[in-house]
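The primary structure of each chain is shown beneath.
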Amino acid sequence: TNPLNYDTWFDYIRLEEAKGKKDRIRDVYERAIANKPPLQEKRFWKRYIFLWINYAVYEELEAKDVNRARQVWQACLQLIPHKIFTFAKVWLMAAQFEVRQHDLKAARKLLGTALGKCPKERLFKGYVDLEFRLAEIDRCRKIYEKYLEFMPENCQAWKKYGELEASLQENERSRAIFEMAV
């Protein structure tokens, strides 16, 4: 057998989850995530990262162990070689987890760290979306400013920022953003 065949691990985990014994399920997850891809190339890590995501979701929703779920998210984020590649999905899901735990400070810290380590378009969009859903418009503006500082050539970012201001009836701001964009 090949311990790096993550699909086999997923099958094994599903089998144990069907039986419902937490200790066995955790043991299989731990054994699965111990098989880190040997190369630091994102294509080899994609299936592996889903083991971590599923593990964290299992701990939160099935095992109802919030602290353990947080530890899984943190361990996953520490393991990813962010200077080489990252997974925006993991950062965003970890932040959403913290929001569900009513810890906005932790969610914001995670997303701020993510943007500091590996500023990706999807992370900026996810962070803006979070703050918009929380009606934190000033925070949205600051994130858009950082987004555009990092990616000034991104037409969609300019457009979305201008549309945000227009939706708030901030016509002068909206106009100024569109003027800067061109």
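Each remark here, short or long, concerns the structure printed above.
Predicted model, so just to flag it, every value in this text is computed and none were measured.

S.K.: Give a detailed account of the layout of surface pockets, specifying residues and quantitative values.
M.R.: Its boundaries defined by the atoms lining it, the largest pocket holds a volume of some 280 Å³. In terms of lining, the largest pocket is formed by 15 residues, of which the most central are Q74, L77, A106, K109 and L110. If you list the elements that add at least two residues to the lining of the largest pocket, you get helix 4 (66–79), helix 5 (88–100) and helix 6 (104–117). Broken down by element, the residue count for the lining of the largest pocket peaks at six residues, all from helix 6. Of the residues contributing to the lining of the largest pocket, the split by class is six nonpolar, three polar and six charged. Of the voids in this model, the second largest pocket is the one considered here, and its volume is about 190 Å³. Considering the residues around the second largest pocket, the lining is formed by K125, V128, D129, F132, Y144, Y147, Q156, A157, K160 and L164. At the level of secondary structure, the elements contributing two or more residues to the lining of the second largest pocket comprise helix 7 (121–133), helix 8 (137–150) and helix 9 (155–167).

S.K.: With reference to specific residues and values, describe the environment of F178.
M.R.: Inspection of the secondary structure assignment puts F178 in helix 10 (residues 171–181). Sequence spacing of F178 and G162 is 16 residues, and the spatial spacing of their C-alpha atoms is 6.1 Å. Not counting residues up to four positions away in its chain, the partners in contact with F178 are W158, K159, G162 and E163.

S.K.: Please give an account of the packing of aromatic side chains that cites residues and values.
M.R.: According to the stated counting rule, one finds 12 aromatic pairs in the structure shown. An angle of 85° between the planes, with centres 5.8 Å apart, marks the rings of F85 and F87 as edge-to-face. Residue F85 is classed as buried on the basis of its relative accessible area of 8%. In this structure F87 comes out as buried when scored by relative accessible area, which is 8%. Looking at K42, its charged tip hangs above the ring of F87, at a distance of 4.8 Å from the centre.

S.K.: Can you lay out the side chain of N35 for me, pointing to particular residues and giving the numbers?
M.R.: As for its placement among the helices and strands, N35 is situated in the loop between helix 2 (22–33) and helix 3 (42–62). Within the structure, the side chain of N35 is placed 2.8 Å from the backbone oxygen of R31, a separation counted as a polar contact.

S.K.: Describe unusual backbone geometry, listing the residues and the values that go with them.
M.R.: The phi angle at H102 is positive, at roughly 65°, despite the residue not being glycine. Positionally, H102 belongs in the loop between helix 5 and helix 6.

S.K.: Could you give an account of the packing of helix 9 against helix 10, naming the residues involved and the relevant values?
M.R.: How two helices pack is summed up by the angle between their axes together with the distance between the axes. Two elements in contact, helix 9 and helix 10, have axes whose closest approach is 7 Å; the angle formed by their N-to-C orientations is 165°. Of the possible angle classes, the one that applies to helix 9 and helix 10 is roughly antiparallel. As for how helix 9 packs across helix 10, the hand of that crossing is left-handed. Along the contact surface, helix 9 presents W158, K159, Y161, G162, E163, E165 and A166, while helix 10 presents N171, R173, S174, I177, F178, M180 and A181. Grouping the constituent residues of the contact of helix 9 with helix 10 by class yields seven nonpolar, three polar and four charged.

S.K.: Account for the pattern of salt bridges, naming residues and giving values.
M.R.: Counted by the stated rule, this structure contains 20 salt bridges. For the salt bridge of E59 with R68, the shortest nitrogen-to-oxygen distance reads 3.4 Å. With a closest N to O distance of 2.9 Å, R175 and E172 form a salt bridge. Placement of the pair is R175 and E172 together in helix 10, with a separation of three residues, close to one helical turn. A relative accessible area of 59% means that E172 is categorised as exposed. What emerges from the salt-bridge pattern is a single network uniting E16, R24, D27 and R31.

What counts as what
- Residues numbered from 1 in each chain as written.
- Predicted model: local features only at pLDDT ≥ 70, side-chain atom pairs only at ≥ 80, totals over all residues.
- Heavy atoms only, no water.
- 1 Å grid on protein atoms, 1.4 Å probe; cavity = no way out; pocket = protein on both sides within 12 Å on 5 of 7 lines; lining within 4 Å.
- Points joined across faces, edges and corners; volume = space filled by probe spheres on them.
- Helix = DSSP H or I, 4+ residues; strand = E, 2+ residues; numbered from the N terminus.
- Nonpolar A, V, L, I, M, F, W, Y, C, P; charged D, E, K, R; others polar.
- Contact = heavy atoms within 4.5 Å.
- Phe/Tyr/Trp six-rings, centres within 6.5 Å; stacked < 30°, edge-to-face > 60°.
- Buried < 20%, exposed > 50% of the residue type's maximum accessible area, 1.4 Å probe, protein only.
- Lys NZ or Arg CZ within 6 Å of the ring centre and 35° of its normal.
- Polar contact = N/O pair within 3.5 Å; in protein donor to acceptor, adjacent residues only side chain to side chain.
- Axes fitted to C-alpha atoms, helices over the stretch in contact; angles between N-to-C directions.
- Parallel < 35°, antiparallel > 145°, perpendicular 65-115°, else oblique.
- Left-handed = near helix turned anticlockwise from the far one by under 90°.
- Salt bridge = Lys/Arg side-chain N within 4 Å of Asp/Glu carboxyl O.

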